[in-house]
Amino acid sequence: MTNNPYYQAAEALRAMGRYVEPLGDDLSLWLVDGEEMSGAGLMKLAALLGLIQGSATIQ
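Residues numbered from 1 in each chain as written. Predicted model: local features only at pLDDT ≥ 70, side-chain atom pairs only at ≥ 80, totals over all residues. Heavy atoms only, no water.

## Re the sheet that holds strand β3 (residues 35–38)
So, step 1. One open sheet holds the three strands; their spatial order is β1-β2-β3, and the pairing between them is antiparallel. Strands at the two margins of the open sheet, each flanked by one partner only, are β1 (20–22) and β3. With strand direction ignored, the average angle separating the axes of adjacent strands in the sheet is 30 degrees.
So, step 2. Running at roughly 155 degrees to β1, helix α1 (residues 5–15) makes contact with β1 and β2 (29–32) of the sheet.
So, step 3. Along the sheet face, helix α2 (residues 39–48) touches β1, β2 and β3 and points at about 95 degrees away from the line of β3. (Pairing = 2+ DSSP bridges. Helix = DSSP H or I, 4+ residues; strand = E, 2+ residues; numbered from the N terminus. Axes fitted to C-alpha atoms, helices over the stretch in contact; angles between N-to-C directions. Contact = heavy atoms within 4.5 Å.)

## Here's the deal with the packing of aromatic side chains
Given two aromatic rings, one states the distance between the centres and the angle between the planes to describe the pair.
So, step 1. Here the structure, examined in full by the defined rule, presents one aromatic pair.
So, step 2. For the ring pair Tyr 7 and Trp 30, a centre distance of 6.1 Å and an interplane angle of 85 degrees mean the geometry is edge-to-face. One end of the pair, Tyr 7, is in helix α1; the other, Trp 30, is in strand β2, and 23 residues separate them in sequence.
So, step 3. Look at Tyr 7 and you get partly exposed, because its relative accessible area is 32%.
So, step 4. For Trp 30, a relative accessible area of 0% translates into the label buried. (Phe/Tyr/Trp six-rings, centres within 6.5 Å; stacked < 30°, edge-to-face > 60°. Buried < 20%, exposed > 50% of the residue type's maximum accessible area, 1.4 Å probe, protein only.)

## Notes on the environment of Arg 14
So, step 1. The topology assignment puts Arg 14 in helix α1.
So, step 2. Here the alpha-carbon distance between Arg 14 and Val 32, two residues 18 residues apart in the chain, equals 9.4 Å.
So, step 3. Non-local contacts of Arg 14, meaning those with residues more than four positions away in its chain, are made with Val 20, Glu 21, Pro 22 and Trp 30.

Structure follows, in C-alpha cells:
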C-alpha cells in the first residue's frame, strides 16, 4: 500500500464495497460509485464515513 492519502482513502472506500477509480494520472478526479468527485471530495467522504482520520473542520 502506498503512503498517498488519496490511495489510502480509495482503498478504505473499496474495503466497504464501493467502486473507486482515479479518472486521471494526477489523482485530482475520481469516480466513486459512478459519480465524479475531486480528490478533496474523496478524502472528505472517507473521513465523514470514519474510514480515515480527517480534519476537525470538514464541513
